[in-house]
Amino acid sequence: MRGASVRAPFRWVSLMAALALGSACASAVPQVTGADLARAQARDPGVSEADLQRGRTLYLSRCTSCHAPFPPASRNAEAWHHDLAKMRALAGIDAEQERLILVYLETFARP
Ligand code: HEC
């Protein structure tokens, strides 16, 4: 009884910390909306919403095993191009996967 009442608050603290971290990560690697698709298509009319979604999923699955995902808005498009070329071999991605990740990152890159 005593043990349970002492431990419970610690569980809540770690749960809340996990939730806070989770939402911080989610906003740093933004979900794709209609406005984002319009921005991507202004750069490249051939881009689809599915391309952007796949790029985001690949970014989160292939680029986060060694370090946390860098927020897309932390770099401009040119810098992403350069960094992705450097990371391609480390991540073991093919040309098509690289293209999709780049399309996603460029859409959310800083100007
Ligand atoms: C196998 C481990 C590994 C994987 C997988 C990986 N990285 Fe990295 N990444 C590193 C290391 C190590 C560094 C720091 C050294 C460097 O900059 O070369 C780094 C640095 C970076 C930087 C900062 C570069 C700079 O000069 O500021 C960016 C941006 C980055 N990675 C993006 C990515 C992206 C995008 C992917 C997925 C395609 C990815 N990383 C996958 C290991 C990895």
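The structure displayed is predicted, hence computed values, not measured ones.

The rules behind the values
- Every chain's residues receive numbers from 1 upward, in the order its sequence appears when written.
- Thresholds applied to this predicted model are a pLDDT of at least 70 for local features of residues and 80 or more for the giving and counting of side-chain atom pairs; totals over whole chains, interfaces and linings are not thresholded and use all residues.
- By definition, a residue lies near a molecule or strand when the C-beta atom built from its backbone is within 6 Å of it.
- Helix and strand assignments follow DSSP, with helices taken as H or I runs no shorter than four residues and strands as E runs no shorter than two, numbered in order from the N terminus.
- In this count, Pro and Cys sit with the nonpolar residues alongside Ala, Val, Leu, Ile, Met, Phe, Trp and Tyr, while Asp, Glu, Lys and Arg are called charged and the others, Gly among them, polar.
- To count as a nonpolar core, a set of buried Ala, Val, Leu, Ile, Met, Phe, Trp, Tyr and Cys residues must be joined through C-beta atoms within 7 Å.
- As a rule, residues whose C-beta atom has 12 or fewer other C-beta atoms within 10 Å are exposed, those with 20 or more are buried, and those in between are partly exposed; C-beta atoms are placed from the backbone.
- By definition, residue pairs are in contact when their C-beta atoms, positioned from the backbone, come within 7 Å.
- Axes here refer to lines fitted to C-alpha atoms; in helices the fit is confined to the stretch in contact. Angles between the N-to-C directions go from 0 to 180 degrees.
- Throughout this description, any angle smaller than 35 degrees is read as roughly parallel, any larger than 145 degrees as roughly antiparallel, any in the 65 to 115 degree range as roughly perpendicular, and the remainder as oblique.
- Residue-level confidence of the predictor, termed pLDDT, takes values from 0 up to 100.

Draft legend 1. Geometry of the site of the ligand. Cys63, Cys66, Asp83, Met87 and Ala91 are the nearest of the 14 residues found near the ligand. Among the elements that take part in the shell around the ligand, helix α4 (residues 77–91) stands out by supplying six residues, more than any other. Residue composition of the shell around the ligand, grouped by class: nine nonpolar, two polar and three charged.

Draft legend 2. Layout of the nonpolar core. In terms of nonpolar packing, the biggest core is built from 14 residues, with Leu52, Tyr59, Ile101, Leu102, Val103, Tyr104 and Leu105 touching the most fellow members. For this core, the element with the most residues is helix α5 (residues 95–108), which contributes seven residues. Residue contacts for Leu52: discarding those within four places in its chain leaves Val32, Asp36, Leu37, Ala40, Val47, Val103, Tyr104 and Thr107.

Draft legend 3. Representation of the packing of helix α3 (residues 49–62) against α5 within the structure. Across the interface, α3 lies against α5 with an axial gap of 7 Å and an inter-helix angle of 100 degrees. In terms of orientation, α3 lies roughly perpendicular with respect to α5. Contacts between α3 and α5 involve Asp51, Leu52, Arg54, Gly55, Arg56, Leu58, Tyr59 and Arg62 from the first element and Gln97, Leu100, Ile101, Val103, Tyr104, Leu105 and Thr107 from the second. Of the residues in the contact of α3 with α5, the class split is eight nonpolar, three polar and four charged.

Draft legend 4. The arrangement of the confidence of the model for the protein chain in detail. For the protein chain, the average pLDDT comes to 86, and 76% of its residues sit at 70 or higher. Within the model, pLDDT remains below 50 along residues 12–23, and this stretch shows zero contacts once partners closer than five positions in the same chain are excluded.

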